[in-house]
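Topology and contacts: notes
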Amino acid sequence: MKLSVIVPTANEAPNIEQLVYRVAGACKDLDAEIIFVDDSSDNTPEVICRAAAAASLPVRLIHRAEPNGNLSGAVIEGLQSSSADYCLVMAGDLQHPPEMIPVLLAELEGSGNDVALASRYCGPGSSAHGLANLYRRIVSGSASLLTRCLFPSKLRDCSDPLTGFFALRRSTVDYDRLRPGGFKILLEILGRHRLAVSEVPFILEKRAAGKSKAGVRAGMGFLHQLLHLRIGRAGLFAGVGAVGTVLNLLIMGLLLASGSHYVFAAVVAAELTIVSNFLMQERLVFGAALHKANSRTTRFLHSFGFNNAEALLRLPVLMFAVETLMINSVIAQGITLLAAFTVRYLYHSKVVYRSRQAAPAATTMPGIRREPFVPQAQGDPVM
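All values derive from a computational prediction rather than experimental measurement.

1. Looking at the overall build of the protein chain
- Of the regular secondary structure elements, the protein chain holds 11 helices and 7 strands.
- Looking at the protein chain as a whole, 49% of its 383 residues qualify as buried.
- When contacts within the protein chain are restricted to residue pairs at least 6 apart in sequence, long-range pairs at least 24 apart make up 76% of them.
- For the protein chain, the computed accessible surface area is about 17900 Å², with 61% contributed by carbon and sulfur atoms.

2. Some remarks on the nonpolar core
- One finds Leu-3, Val-5, Phe-36, Leu-88 and Met-90 to be the most contacted residues of the largest nonpolar core, which totals 38 residues.
- Of all the secondary-structure elements, those providing two or more residues to this core are β1 (3–9), α1 (13–26), β2 (32–38), α2 (44–54), β3 (59–63), β4 (86–89), α4 (101–111) and β5 (115–119).
- The leading source of residues in this core is α1, at 6 residues.
- Non-local contacts of Val-5, meaning those with residues more than four positions away in its chain, are made with Val-23, Cys-27, Glu-33, Ile-34, Ile-35, Leu-88, Met-90 and Ile-101.

3. Brief notes about the sheet that holds β2
- The strand order across the open sheet formed by 7 strands is β3-β2-β1-β4-β6-β5-β7, and the pairing between neighbours is mixed. Each of the sheet's edge strands pairs with one partner strand only, and the pair in question is β3 and β7 (197–201). Strand-to-strand twist across the sheet, computed as the mean angle between neighbouring axes with direction ignored, equals 20°.
- As judged from the 3 bridges shared by β5 and strand β6 (residues 166–169), these two strands associate in the antiparallel manner. Pairing of Ala-116 across the sheet is with Ala-167, part of β6.
- Contacting β1, β2, β3, β4 and β6, helix α3 (residues 70–81) runs over the sheet at an angle of about 155° to β1.

4. Some thoughts on the pattern of salt bridges
- The full count for this structure, using the stated rule, is 12 salt bridges.
- Glu-282 serves as the salt-bridge partner of Arg-296, at 3.9 Å between the closest nitrogen and oxygen. Of the two residues, Arg-296 sits in helix α9 (residues 296–323) while Glu-282 sits in helix α8 (residues 262–285), which places them 14 residues apart along the sequence.
- A cluster of three or more residues bridged by salt bridges with shared partners is formed by Asp-39, Arg-64 and Glu-77.

5. Describing the confidence of the model for the protein chain
- Residue-level pLDDT values for the protein chain average 81, and 84% of them are 70 or greater.
- Mean pLDDT values over the elements of the protein chain span from 74, in helix α5 (residues 134–150), up to 96, in β4.
- Segment residues 358–383: pLDDT under 50, and 46 contacts once partners within four positions in sequence are set aside and those in other chains are kept.

6. Overview of the environment of Tyr-262
- The topology assignment puts Tyr-262 in helix α8.
- Measuring from C-alpha to C-alpha, the distance between Tyr-262 and Val-330 comes to 8.6 Å, with 68 residues separating the pair along the chain.
- Among residues more than four places away in sequence, those in contact with Tyr-262 are Met-252, Leu-256, Leu-318, Met-319, Val-322, Glu-323 and Ser-329.

7. Here's the deal with the packing of aromatic side chains
- With the rule as written, the count across this model stands at 7 aromatic pairs.
- With centroids separated by 5.6 Å and ring planes inclined at 75°, the aromatic side chains of Phe-165 and Phe-202 adopt a geometry described as edge-to-face. Here Phe-165 is found in the loop between α5 and β6, whereas its partner Phe-202 is found in the loop between β7 and α7 (216–257), with 37 residues between them in sequence. No difference in accessibility class separates Phe-165 from Phe-202, as the two residues are buried.
- Ring pairs connect the aromatic residues Phe-237, Phe-286, Tyr-345 and Tyr-353, which therefore count as one cluster.

Criteria and cut-off values
- Residues numbered from 1 in each chain as written.
- Predicted model: local features only at pLDDT ≥ 70, side-chain atom pairs only at ≥ 80, totals over all residues.
- Heavy atoms only, no water.
- Helix = DSSP H or I, 4+ residues; strand = E, 2+ residues; numbered from the N terminus.
- Buried < 20%, exposed > 50% of the residue type's maximum accessible area, 1.4 Å probe, protein only.
- Contact = heavy atoms within 4.5 Å.
- Areas by Shrake-Rupley, 256 points an atom, 1.4 Å probe, with all protein chains shown as cover.
- Core = buried A, V, L, I, M, F, W, Y, C linked by side-chain atoms within 4.5 Å.
- Pairing = 2+ DSSP bridges.
- Axes fitted to C-alpha atoms, helices over the stretch in contact; angles between N-to-C directions.
- Salt bridge = Lys/Arg side-chain N within 4 Å of Asp/Glu carboxyl O.
- pLDDT = per-residue confidence, 0-100.
- Phe/Tyr/Trp six-rings, centres within 6.5 Å; stacked < 30°, edge-to-face > 60°.

Structure follows, in structure tokens:
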């Protein structure tokens, strides 16, 4: 097959029939299929099945009972389930005109590049006016500018790294590099690869029906994704550790000021920050790995036990620094925390958050089954 059109959906039932009809019309001269990767809680899967029965091209459905990785995870599952030479990603809300599918494919083939994207910001013929209001347009443009400033080399030929409408050569993506967790999958792909990019201007259309998924939560996820790509997991772990160190020293200082012995103050500060660091790590550092890791209780016990053992080993060093070397107890505590950083990071990344199972050798994600689709079941593709 030449082309797989991948459409991640979440409660987009009102748009499905028109989307399938328009994609089929745009692909009438292509050897193509549509792959819906659906995270819906409404009747979207049933609507997809009805549309598939009347479609003039193959339609497959992957309904995810556990939608790991948000929209990015959905797109990756679609990419991995495809065997086509090219894949095209588009939204299910009809803001991306299906009639541009052949245009993007022709650009990809003609240019010889790895990615061809539909840009809202590349001059004449492009526009982001389909966004809901002026505020959304300002936020979108500012986010694109910020992203390009943070990745000046990889995004030098890309005016719209946050677009969700793009085509790529499927063989150019190394899925093991990707850390799905946000909504901007193209940024994830471009940020972790060095790919040749070309652009086609397009006008973002108004949402046909349904509710936009953009909001504060999506915005925070985008900022986290930027940090993860720019400074990496170790950098985020260091940032959490820095916050925890400040909190540790603040608690210790307050207890010392109230008359507590420095050993008691150090122990209390350590216990409180062990818990706070774990909560921050779960959300900010290892969030993309949680669905493959052990249960939260197991992760906490591993982290809590290791950090307590490490704190216990640090205590004699702290006492030696304070009582023999005559170093201020708060300064000595900070030094010992910094010295233990590398060991803590390696233990958490290799043990606490290790995957429960090896990545599958096949191109489909775990849980995707290839038997006929049954509307009541979850996780089955339909042809």
